[in-house]
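Results of the structural survey
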Amino acid sequence: MAIGTEDAAGAVLLVDAAGELPDQEQQALEAELSAYAARSGHQVAVAVVATPGTASIENYANDLFGRWVVGSAARDDGVLLLVASNTRRLRIAPGRDCP
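These lines cover the structure that appears in this document, whether it is placed above or below.

Along the chain, V83 turns up in strand β4 (residues 79-84). It is 7.9 Å that separates the C-alpha atoms of V83 and V46, two residues lying 37 residues apart in sequence.

As a further point, take the nonpolar core. One finds A47, L64, W68, L80 and L82 to be the most contacted residues of the largest nonpolar core, which totals 15 residues. Within the residue set of this core, elements represented by two or more residues are β2 (12-16), β3 (44-49), α2 (57-68) and β4. Looking at this core, the element that brings in the most residues is α2, giving five residues. Contact partners of L82, with chain neighbours within four places excluded, come to A47, V49, I57, Y60, A61, L64, R89, L90 and R91.

Time to look at the pairing of β4. Pairing of β3 with β4 involves six bridges; the strand directions are parallel. What sits directly across from V48, in β4, is V83. Looking at chain direction, β4 and strand β5 (residues 89-94) are connected through six bridges and run antiparallel. Its bridge partner being in β5, V79 is matched across the sheet by P94. Hairpin remark: β4 followed by β5, antiparallel, with four residues in the connecting loop; positive phi at R88, about 55°.

Reading guide: rules and limits
Residues numbered from 1 in each chain as written. Predicted model: local features only at pLDDT ≥ 70, side-chain atom pairs only at ≥ 80, totals over all residues. Heavy atoms only, no water. Helix = DSSP H or I, 4+ residues; strand = E, 2+ residues; numbered from the N terminus. Core = buried A, V, L, I, M, F, W, Y, C linked by side-chain atoms within 4.5 Å. Buried < 20%, exposed > 50% of the residue type's maximum accessible area, 1.4 Å probe, protein only. Contact = heavy atoms within 4.5 Å. Pairing = 2+ DSSP bridges.

What follows is the structure, encoded as structure tokens:
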């Protein structure tokens with residue numbers, strides 16, 4: 001199973017560090033994320049981790065969003081969906097100008 005996948009421009013779209021997604025589901029999700037980005041011009045990234053460690057899920061998501069630069073930096077329109085599987089926590093981190 002691939003841990004991370006990128007789109008043609010090198011942007012991170014999907015990281016399953018927790019190993020929760022079977023290969024077939026991971027490939028299908030990657031295809032959907034790529035198709036959405038191509039169709040809309042907006043980027044959605046998904047990260048699956050076991051736990052955010054000692055950070056709150058909010059801080060972990062915001063830090064990851066900033067490091068990955070999800071979406072257009074000029075428009076600040078990306079969205080990061082962070083799933084922490086062991087702690088059953090979810091965080092959606094949108095850019096400021098998300099549609």
